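Each chain, written out:
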Amino acid sequence: MKTSEFLSLLKQHQDKSLLFEYAPEQFVGANYHITEVKNITIDTVDCGANTDFWKETIVQLWESPKEKDKTEFMSAYKALGILNKVDRIKPMVQDAEIKFEYGNPEFHTAQLFVDDYALDNKTLILKLSVEKTDCKAKETCGVVAEDLAEEKACCTPGSGCC
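Source: prediction; values computed, not measured.

(A) Spatial organisation of unusual backbone geometry. Its identity is not glycine, yet E25 carries a phi of approximately 65°, on the positive side. Within the secondary structure layout, E25 lies in the loop between β1 (17-23) and β2 (26-27). Owing to a relative accessible area of 64%, E25 belongs among the exposed residues under this scheme. Notably, A49 is not glycine yet its phi reads approximately 70°, a positive angle. Judged by its relative accessible area of 61%, A49 is exposed.

(B) View of the pairing of strand β4 (residues 51-63). Pairing analysis gives 13 bridges linking strand β3 (residues 32-45) to β4, with the strands arranged antiparallel. Within β4, the residue paired with T41 across the bridge is K55. Between the end of β3 and the start of β4, which pair antiparallel, lie 5 residues, with A49 showing a positive phi angle near 70°. The pairing of β4 with strand β5 (residues 97-104) spans 5 bridges and is parallel. In the sheet register, Q60 faces β5, and the bridge partner there is E101. Handedness of the crossover joining β4 and β5 through helix α2 (residues 76-89): right-handed.

Cut-off values and rules
- Residues numbered from 1 in each chain as written.
- Predicted model: local features only at pLDDT ≥ 70, side-chain atom pairs only at ≥ 80, totals over all residues.
- Heavy atoms only, no water.
- Helix = DSSP H or I, 4+ residues; strand = E, 2+ residues; numbered from the N terminus.
- Buried < 20%, exposed > 50% of the residue type's maximum accessible area, 1.4 Å probe, protein only.
- Pairing = 2+ DSSP bridges.
- Right-handed = clockwise from strand over helix to strand, strands pointing away.

See the structure below:
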């Protein structure tokens, strides 16, 4: 999801509570705060000596231990207000992918991308996912389709290898 798409979604649903699902049926607590917004520039060289360059927006979510019993989630309106203020101070790249940085004692800290979202009368739920690492120079490294199919088959439930 692009930064502009996320901001538009918040704007369209300002009356809803904003929830983040970081794993199936696992939600960031209602005590979360937006503690940092990062405008990241990625400038890379992959294993095939190919260069690449792109930008990302990273929104850091943190659960306040002082508010662990809180049950009311931040509204999309409040989140939009925070992000609009950030944008006035340090403009966000609107066509950059937006990711959410989050971790807790049971879930490793990770930068999660938006896989999907769900709406109901009261909530906007962003469904987040972890991105797997990947070889970006498959041809140079000799990775063929059979290797990828074997890797996928190996890690399927019941395969006995994981």
